[in-house]
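What follows is the residue order along each chain.
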Amino acid sequence: MSSPDRNDTPVLITEAAPSYEEQHAARRRKYAIMMSLRFPCLILAALFAHTWWLALFFIVLSVPLPWMAVLIANDRPPRKAEKANRYEVERRAIAPKSPTIIDG
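For the structure given in this document, a descriptive report is provided here. (Residues numbered from 1 in each chain as written. Predicted model: local features only at pLDDT ≥ 70, side-chain atom pairs only at ≥ 80, totals over all residues. Heavy atoms only, no water.)

Along its length, the protein chain carries 3 helices and 0 strands. For the protein chain, the sequential pattern of α-helices and β-strands runs α-α-α. For the protein chain, with 104 residues in total, the buried portion stands at 12%. Counting only contacts in the protein chain whose residues sit at least 6 apart along the sequence, the fraction spanning at least 24 positions is 70%. Within the structure as shown, the protein chain displays about 9900 Å² of accessible surface, and the carbon and sulfur contribution to it stands at 63%. (Helix = DSSP H or I, 4+ residues; strand = E, 2+ residues; numbered from the N terminus. Buried < 20%, exposed > 50% of the residue type's maximum accessible area, 1.4 Å probe, protein only. Contact = heavy atoms within 4.5 Å. Areas by Shrake-Rupley, 256 points an atom, 1.4 Å probe, with all protein chains shown as cover.)

Structure follows, in C-alpha cells:
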C-alpha cells in the first residue's frame with residue numbers, strides 16, 4: 001500500500017548526459033531544419049522582387065542561416081539543471097533531557 005506522503009517518481013541513480021548518438025541526432029535535425037529554411041527565403045526573395053524592401057529582407061534573412069546552423073549544430077547541449085529525486089533519510093531530533101541540577 002502506498003501512503004499519500006510517498007513520492008512515486010523513480011529515483012535517479014545517475015546524472016549522465018544523453019548519449020552521444022542522441023545528441024548528434026538532435027544537432028543534425030536542427031541543422032537540417034535551419035538549412036531547409038534558406039532555400040524558401042531565397043525563393044520568397046525572388047517572388048517579391050517587385051517589392052525591393054521585402055526581397056532584401058528575405059535575402060538578409062537567408063545570409064546568416066548557414067553560419068548559425070553550423071554554430072548550433074556544433075554546440076553541445078547544456079546540462080540539464082534538474083533536481084534529482086534521491087532518497088532522503090528522515091532525521092528526528094533527540095528530545096533534550098531536563099538538566100540535573102546539584103545544589104552543593
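It is worth spelling out a nonpolar patch on the surface at this point. Taken together, the side chains of Phe39, Ile43, Leu44 and Leu47 present a nonpolar region at the surface, about 390 Å² in accessible area. Within the secondary structure, Leu44 sits in helix α1 (residues 20-47). (Patch = residues over 30% accessible without salt bridge, like charges linked within 9 Å, V, L, I, M, F, W, Y side chains within 5 Å. Salt bridge = Lys/Arg side-chain N within 4 Å of Asp/Glu carboxyl O.)

Now for α1. Counted at 1.5 Å a residue, the expected span for α1 with its 28 residues is 40 Å, and the 42 Å between its end C-alpha atoms agrees. Among the residues of α1, those classed as buried are Gln23, Arg27, Met34, Cys41 and Ala45. Where α1 is buried, its residues touch α2 (52-62) and α3 (65-74). (Expected span 1.5 Å × (residues − 1).)

Here we come to the packing of α1 against α2. Orientation of α1 relative to α2, taken along the N-to-C sense of each, is 160 degrees, at an axis distance of 8 Å. Here α1 lies roughly antiparallel to α2, going by the angle between them. Viewed along their axes, α1 and α2 form a crossing whose handedness is left-handed. Across the interface between the two elements, Arg38, Cys41, Leu42, Leu44 and Ala45 from α1 touch Ala55, Phe58, Ile59, Leu61 and Ser62 from α2. Looking at the contact of α1 with α2 residue by residue, the class counts come to 8 nonpolar, 1 polar and 1 charged. (Axes fitted to C-alpha atoms, helices over the stretch in contact; angles between N-to-C directions. Parallel < 35°, antiparallel > 145°, perpendicular 65-115°, else oblique. Left-handed = near helix turned anticlockwise from the far one by under 90°. Nonpolar A, V, L, I, M, F, W, Y, C, P; charged D, E, K, R; others polar.)

Overall, the coordinates contain 2 aromatic pairs when judged by the stated rule. Judged by centre distance (6.0 Å) and plane angle (20 degrees), the ring pair of Phe48 and Phe58 falls under stacked. Here Phe48 is found in the loop between α1 and α2, whereas its partner Phe58 is found in helix α2, with 10 residues between them in sequence. Using a relative accessible area of 14% as the deciding quantity, one classes Phe58 as buried. Their ring planes at 65 degrees and their centres at 5.5 Å tell us that Phe57 and Phe58 sit as a pair that is edge-to-face. Note on Phe57: relative accessible area 47%, which makes it partly exposed. Connected via pairs of aromatic rings, a cluster forms that spans Phe48, Phe57 and Phe58. (Phe/Tyr/Trp six-rings, centres within 6.5 Å; stacked < 30°, edge-to-face > 60°.)

Read these as spatial facts, not as claims about activity.
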